Amino acid sequence: MNKIIFFIFSCLIFGLSGCEQKIDTWSGKDVAYVDMEADSTLVSFIYINTDVDTVQVRVQVMGNIPEDQPRYVDVKVKAENATVGTDYEAIENRYTIEGGNIFCTIPVVLKRPADQTIKAVEIELMENEYFSLPMDIWRPLELKDYTRENQNVIRHVVGLTDEVFEPKAWTTNYFGPYSKKKMKLLCEMFGLQMADFDNVTEMDMERQRVYAQGLDKYLKEMDAKGETVYEDRVDKDGNPVKMAVGPLV
């Protein structure tokens, strides 16, 4: 019995694409929810070489799937500290799910901010004549130990900033603890851009190791000359922190 229930539920989730025939098991209003890896996305323009970036917010639906009838999802936009036209382009209040489809995407077009303040645009699904919103949160099941927090699935927050955060291609065992000052020094030394550190394909482990070795050599040379390079912070005792690379260099 459990296998039969799982089979029917899988058909509903995946739009019957993997089933040999359609089984009419759904009753009540169909369901819409935000289908993203997390309930927020932060875009740091410091790692982007253009002044515009787009986040595609995916909305998924469950239930009956009419083949020839378009349906719509309604959204509400809330942006307390972001200005439409300046920080992001206007977002529509209704998006189409074409007949036979089970999802649509809401493009959130962001513009490079004038300062490093984190601005946020919130997209919230609204119940309408096509879809209900019975699921407000869920606990992702990707990890068997359930360590991930509950995820909001009726709204998604898109943040934008020009602040510097630890990039994707930063291996602590090579570069050591992340800091803005260290990253800027690496860029100056090797003719890099901060955006290079957000590309894990180009900035692979071998390149990271080579750059870290170059940085290590430079820091030791400066230290030998009595011009030790320090981070822009102090330790718990109030002493300046000496810049250093990771343990595998």
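Before going into details, it helps to say that this report is about the structure given with it.

Thresholds applied
- Residues numbered from 1 in each chain as written.
- Predicted model: local features only at pLDDT ≥ 70, side-chain atom pairs only at ≥ 80, totals over all residues.
- Heavy atoms only, no water.
- Helix = DSSP H or I, 4+ residues; strand = E, 2+ residues; numbered from the N terminus.
- Buried < 20%, exposed > 50% of the residue type's maximum accessible area, 1.4 Å probe, protein only.
- Contact = heavy atoms within 4.5 Å.
- Areas by Shrake-Rupley, 256 points an atom, 1.4 Å probe, with all protein chains shown as cover.
- Pairing = 2+ DSSP bridges.
- Axes fitted to C-alpha atoms, helices over the stretch in contact; angles between N-to-C directions.
- Core = buried A, V, L, I, M, F, W, Y, C linked by side-chain atoms within 4.5 Å.

## Focus: the overall build of the chain
Now for step 1: Secondary structure assignment for the chain yields 4 helices and 13 strands.
Now for step 2: The burial tally for the chain puts 38% of its 249 residues in the buried class.
Now for step 3: Look at the contacts in the chain between residues 6 or more apart in sequence, and 71% of them connect residues 24 or more apart.
Now for step 4: Accessible surface for the chain amounts to roughly 14700 Å². Of this, 50% is attributable to carbon and sulfur atoms.

## Remarks on the sheet that holds strand β7 (residues 119-126)
Now for step 1: If you walk across this open sheet you meet the 5 strands as β2-β11-β7-β4-β5, and the pairing is mixed. A strand with exactly one partner marks an edge of an open sheet, and here the two such strands are β2 (40-44) and β5 (94-97). The sheet shows a mean angle of 25 degrees between the axes of neighbouring strands, direction not considered.
Now for step 2: As paired elements, strand β4 (residues 71-78) and β7 share 5 bridges and run antiparallel to each other. Within β7, the residue paired with K78 across the bridge is E122.

## A few points about the sheet that holds strand β6 (residues 103-111)
Now for step 1: With respect to topology, 4 strands assemble into an open sheet ordered β6-β3-β1-β8, the strand pairing being mixed. Taken across any chain shown, the strands that pair with only one partner, and hence form the sheet edges, are β6 and β8 (131-132).

## Regarding the environment of P134
Now for step 1: Of note, P134 is situated in the loop between β8 and β9 (137-138).
Now for step 2: We classify P134 as exposed; its relative accessible area is 57%.
Now for step 3: Taking the C-alpha atoms as reference, P134 lies 9.7 Å from D30; in sequence the two are 104 residues apart.

## Side note on the nonpolar core
Now for step 1: Of all hydrophobic cores here, the largest spans 29 residues; its most connected members are V57, V73, I91, I106, V108 and L110.
Now for step 2: When residues of this core are traced back to their parent elements, those giving at least two are β1 (30-34), β3 (52-62), β4, β5, β6, β7 and β11 (155-161).
Now for step 3: Contact partners of V57, with chain neighbours within four places excluded, come to V34, M36, C104, T105, I106, V108, H156 and V158.
Now for step 4: Among the nonpolar cores identified, the runner-up in size contains 22 residues, and L186, C187, F197 and M222 belong to it.

## Details of the pairing of β5
Now for step 1: A one-sided burial pattern is seen for β5, the buried positions being Y95 and I97 and the unburied ones R94 and T96.
Now for step 2: Pairing geometry for β4 and β5, over 4 bridges, is antiparallel. If you follow Y72 over to β5, its bridge partner there is T96.

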